[in-house]
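Chain residues, written in single-letter form:
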Amino acid sequence: MTKASLLCVFALAIAGCTDERQSAQTDSQSTQSKVSGWVPDRAEGQALYLQTCLACHQADGSGVPGMQPALRAGSSVMTDIDRAIEVILRGMGGAETAVPASGEYAMVMPASAHLSDQQIANLFSYIRQEFNGTSPISPDKVRAVRDQLE
């Protein structure tokens, strides 16, 4: 079996997994909806993560030392929400419009500006809740960062 085949099988297995965290996250999401009126679509966030982030940042958000940063709690990547959204929108390293690479990691990250504010909010909320246990972010927050960059 090729590496690509193994990765696909692994991604499908992860996509089908459920655990007690989903129940806790659903409770967190209903609290969030009472506050802001918006609840992230966890399924879409997870699907986007599997499609666009998994190969580099790993199924558990641990990244690869020296290659791609971790997305887990305590990671420098997760400390500044605006910066993280900017990196999702612009990418990092490589392209002229990307956020300059720090030199700490060897790989570049492609831009995801083609995703809607809703999709990015779902993706980033999934990452924040799944790997950090922190609150989701809204499409309005993504829009505000996108507007600042334009």
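This structure is a prediction, so every number in the text was calculated from the model and none was measured.

1. Brief notes about the pattern of salt bridges
So, step 1. For the coordinates displayed, the defined rule picks out 6 salt bridges.
So, step 2. The closest approach of N and O atoms between aspartate 82 and lysine 141, which form a salt bridge, is 2.5 Å. On the criterion of sequence distance, the pair formed by aspartate 82 in helix 5 (residues 81-90) and lysine 141 in helix 7 (residues 139-149) is long-range, its members being 59 residues apart.
So, step 3. Between aspartate 117 and arginine 146 there is a salt bridge, and its shortest N-O distance comes to 2.7 Å. Of this pair, aspartate 117 sits in helix 6 (residues 117-132) while arginine 146 sits in helix 7; the two residues are 29 residues apart in sequence, bridging distant segments of the chain.

2. Some details on the nonpolar core
So, step 1. Of all hydrophobic cores here, the largest spans 23 residues; its most connected members are Tyr49, Ile85, Phe124 and Ile127.
So, step 2. Only helix 3 (42-52), helix 5, helix 6 and helix 7 provide two or more residues apiece to this core.
So, step 3. Top element by residues in this core is helix 6. It accounts for 7 residues.
So, step 4. What isoleucine 85 contacts, discounting residues up to four positions off in sequence, is Phe124, Ile137, Lys141, Val142 and Val145.

3. Let's talk about the side chain of glutamate 86
So, step 1. Note on placement: glutamate 86 falls in helix 5.
So, step 2. Residue glutamate 86 is classed as buried on the basis of its relative accessible area of 15%.
So, step 3. When near neighbours in sequence (up to four residues on either side) are disregarded, glutamate 86 contacts Gly91, Val99, Val145 and Leu149.

4. Considerations on the state of the cysteines
So, step 1. Tallied over the entire structure, the rule returns 0 disulfides.
So, step 2. We note that cysteine 53 lacks a disulfide partner, and the nearest cysteine sulfur, in cysteine 56, lies 8.5 Å from it.
So, step 3. On the basis of relative accessibility, which here comes to 11%, the residue cysteine 53 falls in the buried class.

5. Let's talk about the confidence of the model for the protein
So, step 1. The predicted model of the protein has a mean per-residue pLDDT of 80, with 76% of residues at 70 or higher.
So, step 2. The element-level mean pLDDT for the protein is lowest in helix 1 (residues 3-16), coming to 41, with helix 3 highest at 97.
So, step 3. For the stretch residues 1-35, pLDDT sits under 50, and the model shows 28 contacts to residues farther than four places along the chain or on other chains.

Conventions we followed
Residues numbered from 1 in each chain as written. Predicted model: local features only at pLDDT ≥ 70, side-chain atom pairs only at ≥ 80, totals over all residues. Heavy atoms only, no water. Salt bridge = Lys/Arg side-chain N within 4 Å of Asp/Glu carboxyl O. Helix = DSSP H or I, 4+ residues; strand = E, 2+ residues; numbered from the N terminus. Core = buried A, V, L, I, M, F, W, Y, C linked by side-chain atoms within 4.5 Å. Buried < 20%, exposed > 50% of the residue type's maximum accessible area, 1.4 Å probe, protein only. Contact = heavy atoms within 4.5 Å. Disulfide = S-S within 2.5 Å. pLDDT = per-residue confidence, 0-100.

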